[in-house]
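# Working through the structure, step by step
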Amino acid sequence: GRDGKLTVKTHDKSSDTSNSVGYELSDYTGDDFAVAFKTDNLKVLPDDYDVEIKFGAFAKFTSKTRKLKYFIALETK
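Basis of the calculations
Residues numbered from 1 in each chain as written. Predicted model: local features only at pLDDT ≥ 70, side-chain atom pairs only at ≥ 80, totals over all residues. Heavy atoms only, no water. Helix = DSSP H or I, 4+ residues; strand = E, 2+ residues; numbered from the N terminus. Polar contact = N/O pair within 3.5 Å; in protein donor to acceptor, adjacent residues only side chain to side chain. Contact = heavy atoms within 4.5 Å. Buried < 20%, exposed > 50% of the residue type's maximum accessible area, 1.4 Å probe, protein only. 1 Å grid on protein atoms, 1.4 Å probe; cavity = no way out; pocket = protein on both sides within 12 Å on 5 of 7 lines; lining within 4 Å. Points joined across faces, edges and corners; volume = space filled by probe spheres on them. Nonpolar A, V, L, I, M, F, W, Y, C, P; charged D, E, K, R; others polar. Phe/Tyr/Trp six-rings, centres within 6.5 Å; stacked < 30°, edge-to-face > 60°.

## Examining the side chain of Ser 63
Of note, Ser 63 is situated in strand E4 (residues 58-63). Among the polar contacts listed, one links the side chain of Ser 63 to the side chain of Asp 47, at a separation of 2.6 Å. One polar contact links the side chain of Ser 63 to the main-chain amide nitrogen of Arg 66, over a distance of 2.9 Å. When neighbours within four sequence positions are excluded, Ser 63 is seen to be in contact with Asp 47, Asp 48, Tyr 49 and Leu 68.

Here's what the structure looks like:
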């Protein structure tokens, strides 16, 4: 969440010059924040999910169409 927008972005955090792809999800009125996941940790079934972030710990992905939840660790750096 930054500058009034909630965006998801794919990129290589270790390289400032890496290619990146971003997708704007919605407007956002809260405090600025950023969280990161290792793509190795994102093994989920294709679906629509509600995502809750517990900063410094994990994200909970809850399926909108099935009885399915994932708890995925956030990167610490």
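## Here's the deal with the side chain of Lys 60
In this fold, Lys 60 is placed in strand E4. Residues in contact with Lys 60, not counting those within four places in the same chain, are Asp 50, Val 51, Glu 52, Lys 69, Tyr 70 and Phe 71.

## Observations regarding unusual backbone geometry
Positive phi, close to 55°, is recorded for Asp 3, a residue that is not glycine. Topologically, Asp 3 is positioned in the segment before strand E1 (5-11). A relative accessible area of 68% means that Asp 3 is categorised as exposed.

## Some words on the layout of surface pockets
In this model, the largest pocket occupies a volume close to 1400 Å³. Together, 30 residues line the largest pocket, and Thr 7, Val 8, Lys 9, Val 35 and Phe 37 are the ones closest to its centre. Looking at the lining of the largest pocket, the elements that each hand over two or more residues are E1 and strand E3 (49-54). With 7 residues, the top contributor of residues to the lining of the largest pocket is E1. Residue composition of the lining of the largest pocket, by class: 14 nonpolar, 6 polar and 10 charged.

## Observations concerning the packing of aromatic side chains
What the rule picks out here adds up to 6 aromatic pairs. Centroid distance Phe 33 to Phe 55: 5.4 Å. Interplanar angle 75°. Geometry classified as edge-to-face. Within this pair, whereas Phe 33 is found in the loop between strand E2 (20-27) and E3, its partner Phe 55 is found in the loop between E3 and E4, the two being separated by 22 residues in sequence. Take Phe 33: its relative accessible area is 21%, and that puts it in the partly exposed class. Within the aromatic cluster, the residues linked to one another by ring pairs are Phe 37, Tyr 49, Phe 61 and Tyr 70.

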